[in-house]
Amino acid sequence: MTGRDGVPPGAYDPRRDDPHRAAGTPPGTDRAGDRPPLEPVPLRNRLGLNRTGTFDWDLERGVLELDPCGLEVFDLRPEEYDGRPATLTTRVAPEEGYRLDAAVSQAVQSGAHSYGAYFRVHCRDGAPRWTHTRGRILRDARGRPYRIVGLVQEAGTELADSALLRSLREDRQRQTQMVQQTTAALSRALSVADVTRVLTGTGGARRFGADALILGLVDNDRFEVIASTGLPGATPEEMLASRLDDTLPLSDAALSRRATFLGSRGELIARYPRLRPYLDRVPMGSAVFLPLVAQDRVVGALGLFGSEPKQHSAEDRNLALALGGVVAQSLQRAMLFDQEREFATGLQATMLPRRVPDIAGGEVTVRYHAARTGRDIGGDWYDVIPLPQGRTGLVVGDVQGHDTHAAAVMGQLRIALRAYATEGHSPETVLVRASRFLAELETERFATCTYVQANLESGALHLARAGHLGPLVWDAAGHTDWHPVRGGLPLGLATAFGQDHFPETQLFLEPDSMLLLCTDGLVEQPGQDIAAGIDALTAAVRDGPADLEALADRLSDQLWARPGSGDDMALVLLHRDPSPGTATATPRIRLHVHQADPSGASEVRAVLRRMMDQWRAGPVAYDIEVAATELVTNALTHTDSGALVTAELLPAGTGARGGGRRRIRLEVEDRSSRWPRRRTPGETATSGRGLMMVEALADSWGAEPRGAGKALWCEFALPGEE
């Protein structure tokens, strides 16, 4: 049934319902007369009206073309864009770039034909702009991608005040925090061990949004699990190292280079039946297995497990892929670092002595630890050198720096110093020549060093040092003392400044006593005064075991292994054998004072003061210091040579007068044959009273010929002993 005009009742009739149409108006006639006729709008203009641009990405050439609308979406002017994708990073934050790269990589590797992602663009005025991109991946006949074309569109309007926007904001905050935490933690990792500590340490799995984690590396056609945390049980032994195939999830991810996202343990077992016997060791929830690819090379695979089943969203997948990329880059960097460190430590090992020679009259042991920072290599070294006439040379030193260059300089310097020492030169001459050798290497590095020429038959030690720590001596009675050893500037610097002079000091090592030489890595602690480390080392030696090897182990393990001790360390311990009658051996010290050294007398007094305290000289200690000062001053003033100072603790019944008391004998030897003359100066005289003071203070005194020179001596009886 139809109406008069052939239109069903109630149906829409444009002629009847159009307010601009009047009865009797011919079709196609516009009574208003002011509306332009409809014209087709080009596609590009239609996209522009909707704030949408297009892009064309040539993957082979690495060129990404944007149309004018696309440039507007990124708030870029034509002259600001050069067609390279990297240029867009001026508008896209790093965390957003990680997500976009992960989305594209996932689509390309999985064989998908398209992808889509939301991200934010930072406009030139700093305001954020929500943007959405969707691309179509074009592949050739063999399935390889060669081109991506798609759209980029402002998405702020469609996302504003929507639940999706709020969810995206929350996810974005969570993802940004996870990426930042992971990147910050891995940025400080140098070695593969450091990377595994970051991943398996406190909060390691939580940085990836997971409850458990497992990591493995690819080695040729083998896959090896190197770390895990949070798993219900231990990784099965047969899965710690296996052939690279598709029967295990981590191995499959590394072999296929594709990430696997599984929502539950049931999906995991169905996908990998080989895991069925180990249900109790597989978490109940979701699982993600990521290939770790860096510079188109698979270095390993990472497994992430959740305690609850979960369906992974596109954002979850993109985040996991982004974090996997960060781990892959860190692992590759760490593997290269480990290779370099292995080479460097091998180089350093060849530079150090292969064995320590046996020495007559004593025992020597050494310890060395590489640095625990940087490339685990440094410039510390030690050496034990057989010398003519049954003597032994002991060396410890430290070349500036902790790298392969420091190790190379150290090796050359050690060999040169050893050559100079074996020629029989004095310690001063050895260090002078070593300093000049280092200066001629034309390196910017300098070195500190202490060299000891030891005669264990007599106990005489001749020392010289170049900016290094002096020796620690520990005698059979348990007394420890850091003897002052005069020194010069570090090797290399001394020559550069024209001050390559290293005065020699002579000490005496009693039978059954020990000498310690070490580098500063044993006593320095970050944030602490070196004096505290020296005190700790002194206490450790004094309270340590008597056995030389056990003492060396204790010092290197207890002191160097302290938290924060990251420097390399070398030490040398020398023990003089006890001789028959050790219990009555004469305690003795010997000091050499250079003729041109004005401070020599004060150094002698400082050493004597400590020794008098150990020998319990009491009130005569000051008299001995005064007598030593006068005798040393006379030798330096009235002769053309230096002075050799010897102090001995004589048992009762010995010495010039014998008697029932222990006595301290002081000798000052010079190379002049001119005999001393005791004068009687007048009241106004300014000199000539030295021997008078010695005679007044000492119980006895005298002079003795000594080969090419003479020795003035005096003795002091210890009070309170009969």
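Remember, it's a predicted structure, so these values are computed and weren't measured experimentally.

Peer 1: Describe empty space enclosed by the protein, with residues and values.
Peer 2: In this approach, a probe sized like a water molecule rolls over the atoms, and the result shows the empty space that is left. Enumeration over the complete set of coordinates arrives at four cavities of 30 Å³ or more. Taken as a whole, the largest cavity holds about 320 Å³ of empty space. Every residue lining the largest cavity is counted, 22 residues in all, and those nearest its centre are Ile214, Thr235, Met239, Pro249 and Leu275. At the level of elements, β7 (222-229) and α9 (249-256) are the ones that each hand at least two residues to the lining of the largest cavity. It is α9 that contributes the most residues to the lining of the largest cavity, three residues altogether. A class-by-class count of the residues in the lining of the largest cavity yields 17 nonpolar, four polar and one charged. By volume, the second largest cavity amounts to about 80 Å³. Contributions of two or more residues to the lining of the second largest cavity are made by β23 (588-593) and α17 (600-614). By residue number, the principal contributor to the lining of the second largest cavity is α17, which donates four residues. When the residues that make up the lining of the second largest cavity are grouped by side-chain class, the tally is five nonpolar, three polar and two charged.

Peer 1: Go over the packing of helix α12 (residues 404-422) against helix α13 (residues 427-440), please, and point to the residues and values.
Peer 2: Angle between the axes and distance between the axes: these two values describe a pair of packed helices. Closest axis-to-axis distance for the α12/α13 pair is 9 Å, and the angle between their directions is 145°. As α12 runs across α13, the sense of the crossing is right-handed. Between α12 and α13, the residues in contact are Val409, Gln412, Leu413, Ala416, Leu417, Tyr420 and Ala421 and Val430, Leu431, Arg433, Ala434, Phe437 and Leu438, respectively. In terms of residue class, the contact of α12 with α13 is made up of eleven nonpolar, one polar and one charged.

Peer 1: Outline unusual backbone geometry, supporting the account with residue identities and numerical values.
Peer 2: Of note in the backbone geometry, Arg257 takes a positive phi value of approximately 65° without being a glycine. With relative accessibility at 31%, the residue Arg257 sits in the partly exposed group. The phi torsion at Asp296 lies on the positive side, around 60°, for a residue other than glycine. Mapped onto the secondary structure, Asp296 falls in the loop between β10 (287-294) and β11 (297-305). For Asp296, a relative accessible area of 60% puts it in the exposed group.

Peer 1: Account for the sheet that holds strand β27 (residues 709-717), with residues named and values stated.
Peer 2: Across the sheet, five strands lie side by side as β23-β24-β25-β27-β26; this open sheet has antiparallel pairing. Edge positions in the open sheet fall to β23 and β26 (700-706), since each of these has one partner strand only. Put simply, the sheet's adjacent strands are angled 15° from each other on average, direction ignored. Direction of pairing for β23 relative to strand β24 (residues 643-650): antiparallel, over a ladder of six bridges. Bridge assignment links Ile589 to a residue of β24, and that residue is Ala647. Along the sheet, helix α18 (residues 620-638) contacts β23, β24, β25 (663-670) and β27; its crossing angle with β25, the most-contacted strand, is approximately 10°.

Peer 1: Just give me the short version of the confidence of the model for the protein, but keep the residues and values in it.
Peer 2: With 84% of its residues at a pLDDT of at least 70, the protein reaches an overall mean of 82. Across residues 1-25, confidence stays below pLDDT 50; counting only partners more than four residues off in sequence or on other chains, it has 18 contacts. The low-confidence segment residues 581-585 (pLDDT under 50) makes three contacts with residues lying over four places distant or belonging to another chain.

Peer 1: Please provide a residue-by-residue account of the packing of α18 against helix α19 (residues 690-697), values included.
Peer 2: Viewed as axis vectors pointing N to C, α18 and α19 meet at an angle of 155°, and their least axial separation amounts to 9 Å. With respect to α19, the axis of α18 lies roughly antiparallel. Judged by the twist between their axes, the crossing of α18 over α19 is left-handed. Judged by residue contacts, Asp623, Val626, Ala627, Glu630, Leu631 and Asn634 of α18 engage Gly690, Leu691, Met693, Val694 and Leu697 from α19. Partitioning the contact of α18 with α19 into residue classes produces seven nonpolar, two polar and two charged.

Peer 1: With reference to specific residues and values, describe the packing of aromatic side chains.
Peer 2: Counted according to the given criterion, the structure contains three aromatic pairs. Between Tyr272 and Phe289, the ring centres sit 6.5 Å apart and the planes meet at 75°, which makes this aromatic pair edge-to-face. Of this pair, Tyr272 sits in the loop between α10 (265-271) and β10 while Phe289 sits in strand β10, and the two are 17 residues apart along the sequence. Taking the relative accessible area as the measure of exposure, Phe289 reaches 1% and is therefore buried. Taking 5.6 Å as the distance between ring centres and 80° as the angle between the ring planes, the aromatic pair formed by Phe289 and Phe305 counts as edge-to-face. Note that Phe289 is positioned in strand β10 and Phe305 in strand β11, a separation of 16 residues in sequence. Put simply, the rings of Tyr272, Phe289 and Phe305 touch in pairs and so form one group of aromatic residues.

The rules behind each value
Residues numbered from 1 in each chain as written. Predicted model: local features only at pLDDT ≥ 70, side-chain atom pairs only at ≥ 80, totals over all residues. Heavy atoms only, no water. 1 Å grid on protein atoms, 1.4 Å probe; cavity = no way out; pocket = protein on both sides within 12 Å on 5 of 7 lines; lining within 4 Å. Points joined across faces, edges and corners; volume = space filled by probe spheres on them. Helix = DSSP H or I, 4+ residues; strand = E, 2+ residues; numbered from the N terminus. Nonpolar A, V, L, I, M, F, W, Y, C, P; charged D, E, K, R; others polar. Axes fitted to C-alpha atoms, helices over the stretch in contact; angles between N-to-C directions. Left-handed = near helix turned anticlockwise from the far one by under 90°. Contact = heavy atoms within 4.5 Å. Buried < 20%, exposed > 50% of the residue type's maximum accessible area, 1.4 Å probe, protein only. Pairing = 2+ DSSP bridges. pLDDT = per-residue confidence, 0-100. Parallel < 35°, antiparallel > 145°, perpendicular 65-115°, else oblique. Phe/Tyr/Trp six-rings, centres within 6.5 Å; stacked < 30°, edge-to-face > 60°.

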